[in-house]
Amino acid sequence: MFSKVARKLSTSIKDKPWMMKKSAHHNFWNNSVRNLLTPSVASNTSSLKPFTVVLEETQKQHISKQNNGVKGQCREFLSALLPPSQESLPPRTMEDSFIQALIPIGSNPDVRLQYTSHIGGARLGRLVQDMDNFAAVVAYKYIDNPLQGPEEPSAHAVVTARMDHLHIREDIKNDADIKLVGHVTWVGSSSAEVGVGMEQMEDGVWKKVCEAKFVMVARDAATGTKSAPINPLVVKSDDEKILFELGKNNIASRAKADQDSLFKEPPSTIESNLIHDMFLSTVDHKVRSFAARVKPENSTWMTDSKLKSVMMCEPEHKNDYNKIFGGLIMEKCIDLAFTNTWVFTGAAQVPVCTHIDDVIFLKAVEIGDLLYFHSQVVFTHENLVQARVSAEVLDRQTKRLKLTNVLQVTFKLPSEVPHVIPQSYHEAMAYLTGRRHFLVSLENEGLLAKGMAEKEMIEVSKYTPLWMLKELDTEEHVFNKHNVQDMLG
């Protein structure tokens, strides 16, 4: 069931000339709304390998030999296997990297127990962890190094740099098998964008439930510090050319978002006015003090929308390169964001995650680190909530926290939620950042056409607290220059 804002947008978008159009191409690949490619030929469940088997085979073929060595060879041997340049590697296609795997939630009771949430349905955080692992499997399948023999270790170490735009279309059930589908969508010199889709069996048919893009980077396996060249990508069909261009645009969009970040650039004039108007609408003008704030009806101060947790990083949490597995960190972040949103809203029904964005891996986490998780509700609109989650490592010497991961999560509830109001400047920046990601989530869900999120960000009358608009439109709350000068004096 769409929320009110979703219903309004989905109705109005139909009449707009900039409405997103579905691709007309239907060759080997089928395009989804977000152009994540999946095979057009239906898959037989019995022919699919379990995801755990696919993962184990990849680890055994590419990774275990790196750690254990081959026939007594030391790890320096890996340097000799590293290709000197991308030009020395054979071209590859999207189809070369294509792979599918089964998570038998419906057909295997033991697996079902691992993925079942106590609130009903499947555990989203656990599935996102699997998608992260699966993206690495796709990247390893894509890489073809002529210097590496079939029994020799891989000279490449593939790690996740970020995950973008996990769009959840349908509720994920805990009683039906799940299929993971993935392939490379764009390739740079040492990095690749991997599209990963998740489908679930319903009435004998695979139904798409969610999809995401992962940016994977290749490192020299011998040192783990230098970039390692990967095969160039050759695009064949029109669909693949479109997808490659989308991947290129995604790279540019990520660079622009980083450049326009509020950590580097001040808010736009419109955004500054929005925060100032919000501030004026919560000041107690009778007291004539900036510190005297009045909380509007059905609202909560942002400082009261926090929830924290901490985790000791144990050896069991490590990945194949003896660092803490990034997928586990994502799972912990998602679980905390969910709990925080539920506590914040106080709703009887549970929040439903619709979108996860901006998952960035800034720093590797070591075994023995103390990992702090911090979640905060930073933006709300009608029945939608935007939560920001960060993971930070405690430096034992300086006692300071260092940021390692950050992500933005959008939730939907069956009824309207309290407004969240920033009190300080840093909370105002968190509010604006959350608002930006919220609009991007609408765009990626198809409720706004591509490119419209940026335009909507400068519309003060849209996606703004209703109480603020009402108060600013009321005569007794419209302040002329004389009133403001009195306050400043």
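Residues numbered from 1 in each chain as written. Predicted model: local features only at pLDDT ≥ 70, side-chain atom pairs only at ≥ 80, totals over all residues. Heavy atoms only, no water.

**Quick word on the overall build of the protein**
Item 1. A count of helices and strands for the protein gives 13 helices and 14 strands.
Item 2. In the protein, which comprises 489 residues, the share counted as buried stands at 52%.
Item 3. On the protein, roughly 23,400 Å² of surface is accessible, and the fraction owed to carbon and sulfur atoms is 53%. (Helix = DSSP H or I, 4+ residues; strand = E, 2+ residues; numbered from the N terminus. Buried < 20%, exposed > 50% of the residue type's maximum accessible area, 1.4 Å probe, protein only. Areas by Shrake-Rupley, 256 points an atom, 1.4 Å probe, with all protein chains shown as cover.)

**Points about the confidence of the model for the protein**
Item 1. Residues at a pLDDT of 70 or more form 77% of the protein, whose mean pLDDT is 78.
Item 2. Across residues 1-34, where pLDDT falls below 50, the model places 78 contacts with residues more than four positions away in sequence or in other chains.
Item 3. Low confidence marks residues 472-489, where pLDDT is under 50. Its contacts with residues over four positions away, or in another chain, come to 11 contacts. (pLDDT = per-residue confidence, 0-100. Contact = heavy atoms within 4.5 Å.)

**Comments concerning empty space enclosed by the protein**
Item 1. Under the criterion given, the structure shown has 2 cavities of 30 Å³ or more.
Item 2. Forming the walls of the largest cavity are Ala 139, Tyr 142, Ile 143, Val 158, Ser 190, Ala 192, Met 216, Val 217, Ala 218 and Ile 230.
Item 3. For the lining of the largest cavity, the secondary-structure elements that each account for two or more residues are α6 (124-142) and β7 (205-220).
Item 4. Broken down by element, the residue count for the lining of the largest cavity peaks at 3 residues, all from β7. (1 Å grid on protein atoms, 1.4 Å probe; cavity = no way out; pocket = protein on both sides within 12 Å on 5 of 7 lines; lining within 4 Å. Points joined across faces, edges and corners; volume = space filled by probe spheres on them.)

**Thoughts on the pattern of salt bridges**
Item 1. The full count for this structure, using the stated rule, is 15 salt bridges.
Item 2. For Asp 220, the salt bridge identified is with Lys 226, shortest N-O distance 3.7 Å.
Item 3. You can call Lys 226 partly exposed: its relative accessible area is 47%.
Item 4. The residue Lys 248 makes a salt bridge to Glu 245 at a minimum N-O spacing of 3.5 Å. One end of the pair is Lys 248 and the other is Glu 245, both in helix α7 (residues 238-259) and 3 residues apart, which spans about a single turn. (Salt bridge = Lys/Arg side-chain N within 4 Å of Asp/Glu carboxyl O.)

**A closer look at the sheet that holds β7**
Item 1. What the 10 strands build is an open sheet, ordered β3-β5-β6-β7-β4-β10-β13-β12-β11-β9; its pairing is antiparallel. Each end of this open sheet is capped by a strand with a single partner; those strands are β3 (99-103) and β9 (306-312). Geometrically, the sheet is characterised by an average inter-axis angle of 25° between neighbouring strands, direction not taken into account.
Item 2. Sitting on the sheet, helix α9 (residues 326-345) is in contact with β4 (156-168), β7, β9, β10 (352-361), β11 (370-381), β12 (384-394) and β13 (401-412), with an inclination near 45° to β11.
Item 3. Across the sheet, helix α10 (residues 425-444) is in contact with β4, β10, β11, β12 and β13; its angle to β11 comes to roughly 75°. (Pairing = 2+ DSSP bridges. Axes fitted to C-alpha atoms, helices over the stretch in contact; angles between N-to-C directions.)

**Quick notes on the pairing of strand β5 (residues 178-187)**
Item 1. With 10 of 10 residues buried, β5 is to be regarded as a mostly interior element.
Item 2. Judged from the 5 bridges that link them, β3 and β5 form a sheet pairing that is antiparallel. The residue of β5 that forms the bridge with Ile 103 is Ile 178.
Item 3. What sits between β5 and strand β6 (residues 191-202) in their antiparallel hairpin is a turn of 3 residues.

**Comments concerning the packing of α6 against α9**
In helix packing, the relevant descriptors are the interaxial angle and the interaxial distance, both defined with respect to the helix axes.
Item 1. At a minimum axis distance of 8 Å, the contact between α6 and α9 shows a crossing angle of 155°. Accordingly, the angle class assigned to the pair α6 and α9 is roughly antiparallel. The element α6 and its partner α9 pack so that their crossing is right-handed. Within the contact between the two elements, α6 uses Leu 124, Gly 125, Arg 126, Val 128, Gln 129 and Asp 132 and α9 uses Gly 326, Gly 327, Leu 328, Met 330, Glu 331, Ile 334 and Asp 335.
Item 2. Of the residues in the contact of α6 with α9, the class split is 5 nonpolar, 4 polar and 4 charged. (Parallel < 35°, antiparallel > 145°, perpendicular 65-115°, else oblique. Left-handed = near helix turned anticlockwise from the far one by under 90°. Nonpolar A, V, L, I, M, F, W, Y, C, P; charged D, E, K, R; others polar.)

**Focus on the packing of helix α8 (residues 269-280) against α10**
Item 1. Following both chains from N to C, one finds α8 and α10 inclined at 125°, their axes separated by 11 Å at the closest point. The orientation of α8 relative to α10 falls into the category oblique. In this structure, α8 meets α10 at a crossing whose hand is right-handed. Contact residues: α8 offers Glu 271, Leu 274, Ile 275 and Met 278, while α10 offers Ala 428, Tyr 431, Leu 432, Arg 435 and Arg 436.

**Details of the environment of Gly 346**
Item 1. Counting through the fold element by element, Gly 346 comes out in the loop between α9 and β10.
Item 2. Once the C-alpha coordinates of Gly 346 and Pro 418 are considered, the two residues, 72 residues apart in sequence, prove to be 9.4 Å apart.

**Observations regarding the packing of aromatic side chains**
Item 1. Following the criterion strictly, the structure yields 5 aromatic pairs and no others.
Item 2. Each ring, one from Phe 338 and one from Trp 342, has its centre 5.6 Å from the other, and the planes form 55°; the classification is tilted. Of this pair, Phe 338 and Trp 342 both sit in helix α9, 4 residues apart, which is roughly one turn of that helix.
Item 3. Here a set of aromatic residues connected by ring pairs shows up, and it is made of Phe 338, Trp 342 and Phe 411. (Phe/Tyr/Trp six-rings, centres within 6.5 Å; stacked < 30°, edge-to-face > 60°.)

**Observations concerning the environment of His 374**
Item 1. Following the sequence through the fold, His 374 ends up in strand β11.
Item 2. Under the relative-accessibility criterion, His 374 is labelled partly exposed at 21%.
Item 3. It is 6.2 Å that separates the C-alpha atoms of His 374 and Leu 307, two residues lying 67 residues apart in sequence.
Item 4. In this structure, His 374 is in contact with Lys 306, Leu 307, Lys 308, Leu 336, Arg 388, Val 389 and Ser 390, ignoring residues within four places of it in sequence.

**A few points about unusual backbone geometry**
Item 1. For His 165, which is not a glycine, the phi torsion comes out positive at approximately 50°.
Item 2. Relative to the helices and strands, His 165 is located in strand β4.
Item 3. Even without a glycine there, the phi angle at Asn 298 is positive, about 55°.
Item 4. Counting through the fold element by element, Asn 298 comes out in the loop between α8 and β8 (299-301).

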